[in-house]
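# Notes for the structure review
What follows is the residue order along each chain.
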Amino acid sequence: MTSSQMKVLVIGFGTVGKGFFELLYRKRNVLSLNNVSINEIVDMKYGYIKNPGNDVIKEVEGGKIFPKEDVLSVIKESDADIVCEFTWLDLKTAEPAYSHIKTALQLGKHVITTNKGPPALKYKELVTLANKNHVKFLMKGTVMAGTPSYNLLELVPGAEVRSVRGIMNGTTNYILTSMENGKSFSSALREAQELGYAEADPTNDVDGLDAAAKVTIISHILGWKHEFSDVKIKGIRDVTPEQAKEKTKLIAYADEQSIYVKPLKLERNDILSGVSGVTNAIEIDTDTLGKIFSAGPGAGKVQTAQAVLTDLVTITKGAK
Ligand code: HSE
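Residues numbered from 1 in each chain as written. Predicted model: local features only at pLDDT ≥ 70, side-chain atom pairs only at ≥ 80, totals over all residues. Heavy atoms only, no water.

### Considerations on the overall build of the protein chain
Filter applied, for reference: Elements are defined by DSSP. Helices are runs of H or I of four residues or more, strands are runs of E of two residues or more, and each kind is numbered from the N terminus. Note on method: radius of gyration uses C-alpha positions; expected globular size equals 2.2 Å times residues raised to 0.38. Working definition: with a 1.4 Å probe on protein chains only, accessible area under 20% of the residue-type maximum means buried, over 50% means exposed, and in between means partly exposed. When checking whether two residues touch, look at their non-hydrogen atoms; a contact exists if any pair is within 4.5 Å. Surface accessibility follows the Shrake-Rupley procedure with a 1.4 Å probe radius. Residue values consider only the protein chains on display as shielding. His is not counted, nor are the chain ends, whereas Lys and Arg count as positive and Asp and Glu as negative. A single reference atom marks each charge: NZ on Lys, CZ on Arg, CG on Asp, CD on Glu.
Counting its secondary structure elements, the protein chain contains 12 helices and 12 strands. Radius of gyration (C-alpha) of the protein chain: 20 Å, near the 20 Å computed for a compact globule of 320 residues. Residue burial in the protein chain is summarised as follows: out of 320 residues, 57% are buried. Residue pairs in contact within the protein chain that sit at least 24 positions apart in sequence constitute 70% of those at least 6 positions apart. If you sum the accessible surface of the protein chain, you get close to 14,200 Å²; carbon and sulfur atoms cover 50% of it. Side chains of the protein chain carry 39 positive and 38 negative charges; the gap between the two charge centres is 2 Å.

Laid out in structure tokens, this is it:
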């Protein structure tokens, strides 16, 4: 591929798809990405949109419906260089995202996803496929949205990771912080849903599965052997208001030997104990620097679009 035109196919035009569309066109000039264009969008609800205009979001939100097409056929017939996969999460089968991504990689297209299913459940297979076809399979948006997390390691070449520990689910941290301040579990969950943080099925948040998917993805990226099914998972349903007040947080942890998600009471001087509300945070323990830390939003429209842009820049840099 040359640095000339790069065409993007977007699969899924919900919050993330729309956020990415807006952010790409807002930042294209400043990032010298004028050669990148979204040429196709396919969405369950809106149909197949070829050469979307600037006002496509207004059009679909105003009720305009485009022809329905089978997504796999769209991928197969597309001349896109990059496929952005933004469909819904299924932590049991990873479908339909898994089939979309596999098909795109087999056809030699780069893939960016914000869907945790395929990288948590099918990482090795998909990365092997990407390598075989000399393309990238990138997923920054699956872990802490655009906030630097595992990608910090690109800035410290050679640093060996001893362990990773973090607050990787905004919904549960919001609930625990609210309980700390006297709110009930259920009203805090409702608020997290209203803020757009909770998963469509909030049991994935509350029972720790979302954080488990994220720590599994990090573990895969680090080359550790854990699978999603290896993660020992305990959610926050049994955390009492008293425990929340004592700085109990839902901690996701992995090192080479162990991987878990569980509520833990933190010491007041633990850097993670000060992380409140929907904020996410990660602490990476390395052999050269000791502990490095990053905190910020872990979800949201622009925040997730930033992650996609980060991955897009990784691909375009590699193509130059
Ligand atoms: N439901 C997730 C959270 C959203 O609350 O952190 C981002 O993966």
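### Some points on helix H1 (residues 15-27)
Here is the rule we go by: Helix span, as expected, comes to 1.5 Å for every residue beyond the first.
Spanning 13 residues, H1 covers 18 Å between terminal C-alpha atoms, matching the ideal 18 Å at 1.5 Å per step. Gly-17, Lys-18, Gly-19, Phe-20, Phe-21, Leu-23 and Leu-24 are the residues of H1 that are buried. Those residues of H1 hidden inside the fold are in contact with strand S1 (6-11), strand S2 (36-43), helix H2 (56-61), strand S4 (82-85) and helix H12 (301-319).

### Examining the site of the ligand
The line we're drawing: Any residue with a non-hydrogen atom lying within 4 Å of a molecule or strand is treated as near it. In the analysis that follows, any N or O atom pair within 3.5 Å is treated as a polar contact, provided that within protein one partner can donate a hydrogen and the other can accept it, and provided that, for residues neighboring in sequence, both atoms belong to side chains. All amino acids are sorted into three groups, where Ala, Val, Leu, Ile, Met, Phe, Trp, Tyr, Cys and Pro are nonpolar, Asp, Glu, Lys and Arg are charged, and the leftover types, Gly among them, are polar.
For the ligand, the full set of nearby residues is Lys-116, Asn-169, Gly-170, Thr-171, Tyr-197, Ala-198, Glu-199, Asp-205, Asp-210, Lys-214, Gly-298 and Ala-299. Interatomic distance of 2.7 Å between a backbone N/O atom of Gly-170 and an oxygen atom of the ligand. In the environment of the ligand, a nitrogen atom lies 2.7 Å from a nitrogen or oxygen atom belonging to the side chain of Asp-205. Relative to its unbound accessible surface of 260 Å², the ligand loses 92% to contact with the protein. Going through the elements one at a time, helix H7 (170-180) and helix H10 (209-221) are the ones with two or more residues in the shell around the ligand. Of the residues belonging to the shell around the ligand, the class tally is 3 nonpolar, 4 polar and 5 charged.

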